[in-house]
2 protein chains.
Amino acid sequence: MRVRPEALKGHLDGLLLAVLENGPRHGYAIIEAVRTGSGGTFDLQTGTVYPALHRLERAGFIESRWHVIGGRRRREYELTASGRRALGDERAVWAEFAGAVSSLLGGRTWPADAS
Amino acid sequence: MRVRPEALKGHLDGLLLAVLENGPRHGYAIIEAVRTGSGGTFDLQTGTVYPALHRLERAGFIESRWHVIGGRRRREYELTASGRRALGDERAVWAEFAGAVSSLLGGRTWPADAS
DNA sequence: ACCAATAGGTAGTGATGCGATATGTAGTGG
DNA sequence: CCACTACATATCGCATCACTACCTATTGGT
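Residues numbered from 1 in each chain as written. Chains lettered and ligands numbered in written order. Predicted model: local features only at pLDDT ≥ 70, side-chain atom pairs only at ≥ 80, totals over all residues. Heavy atoms only, no water.

Chemist: I'd like a description of the interface of chain A and chain B, backed by residues and values.
Modeler: Taken together, the contact between chain A and chain B spans 39 residues of the former and 37 residues of the latter. Between chain A and chain B, the buried area comes to about 3,500 Å², and carbon and sulfur atoms account for 66% of it. Contact with chain B buries surface across chain A, with W94(A), L104(A) and L105(A) losing the most and accounting together for 22% of the total. Counting every contact that joins chain A to chain B gives zero salt bridges. The tally of links from chain A across to chain B stands at ten residue pairs in polar contact (both at pLDDT 80 or more). When contributions to the side of chain A that touches chain B are tallied by element, the ones reaching two or more residues are α1 (12-20), α2 (27-37) and α4 (81-105) of chain A. The leading source of residues in the side of chain A that touches chain B is α4(A), at 16 residues. Each residue belonging to the side of chain A that touches chain B can be placed in one class, and the counts come to 20 nonpolar, eleven polar and eight charged. (Contact = heavy atoms within 4.5 Å. Buried area = accessible area lost by both parts, 1.4 Å probe. Salt bridge = Lys/Arg side-chain N within 4 Å of Asp/Glu carboxyl O. Polar contact = N/O pair within 3.5 Å; in protein donor to acceptor, adjacent residues only side chain to side chain. Helix = DSSP H or I, 4+ residues; strand = E, 2+ residues; numbered from the N terminus. Nonpolar A, V, L, I, M, F, W, Y, C, P; charged D, E, K, R; others polar.)

Chemist: Residues and numbers for empty space enclosed by the protein, please.
Modeler: Using the criterion set out here, one finds three cavities of 30 Å³ or more in the structure. Estimates place the volume of the largest cavity at around 60 Å³. Forming the boundary of the largest cavity are G10(A), H11(A), G14(A), L15(A), E90(A), V93(A), W94(A), R4(B), V101(B) and L105(B). Listed by contribution, the elements that provide at least two residues to the lining of the largest cavity are α1 and α4 of chain A together with α4 (81-105) of chain B. Here the element with the most residues in the lining of the largest cavity is α4(A); it accounts for three residues. Class assignment for the residues of the lining of the largest cavity results in five nonpolar, three polar and two charged. One number sums up the size of the second largest cavity: a volume of about 50 Å³. If you trace the second largest cavity, you find it lined by R4(A), V101(A), L105(A), G10(B), H11(B), G14(B), L15(B), E90(B), V93(B) and W94(B). At three residues, α4(B) tops the list of elements feeding residues into the lining of the second largest cavity. When grouped by side-chain class, the residues that make up the lining of the second largest cavity number five nonpolar, three polar and two charged. (1 Å grid on protein atoms, 1.4 Å probe; cavity = no way out; pocket = protein on both sides within 12 Å on 5 of 7 lines; lining within 4 Å. Points joined across faces, edges and corners; volume = space filled by probe spheres on them.)

As C-alpha cells, this is what we get:
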C-alpha cells in the first residue's frame, strides 16, 4: 500500500464492485486486479478483501458460487443488478468527493479572504 | 455532509492544512472555509474539527494563539514550516490516491488535468 | 429575559481496513 | 519425503478516526 491505509476507508466497496464489473472473479484474482489496476498503489490484504466481499454479499450487491479447480476451492463473485446500481452510486459519490477535495487541496487561493 | 462520513477518513488533515495555507484562521472560520471551498460537500461538525486541530498541533503542523475579540475568545491556528511540508506530502498522496481510484472506477467523471 | 448565532471543547461510539494467524492444496527443489 | 513457495479462503483483535451528542460561554437582537 503506497498510500496511508485509512485513506481507503469508505471507498473500498466501490473499487471491488468496479473490478467485478469486468466479469466474475474470485478473491485472489480481485486482489490482483486491484493491484494492477491501481498501478500498484493499492495492495490489499486478504483480511481486508474477504470480509468486504462477505459484506457486499450480505448487502445483495454480489453473489458467490463455489468452484473446485484443480482440487483448489474457489469462490467466484459476480455483480448483481443491485450491485450494478450501487456501483453507479459509488461513481457519483466519488466524483463529488474527489471534486471537493481537489478543489480544496489544489485550489489556488480563492479570493474569499474575508477578514 | 453530502458524502458518506467514512469517506473523509485519512483526508481531513490535508483539507485543514490547505485551508490554513491561505492565512491563519480560527476553528469556526475553518469550518466555513471548508464548506464553501468544497461547494457544500463537506459540512464538518465542530466535534470533527477541533480534535483534528489539536492532533495537528501536537504533530507540530500548526500553531495556535489565543485572541480575545469583543470579549469572545478565539484561537487562531497558523501553518508551521513543518505543516507546509506536510501539506505538500498530502497533495502528493492525494494525487496518487485519486488517480488510482479513478483509474479503477473507470468512470471518466473526473477532469484529467488542468492545463 | 430570552434566543439565535458565534466560538470552543470533551466523551463515547461505530465503522472498517489492517496485521496476524490458521487451514488446506499443488507444485518444485533437494 | 521434506521444506518451501504460491495459491486460496477465512477469522479475530486492534487501532484509527470521523461522527453524534452534549456542554460552556459571549454577543447582539427582540
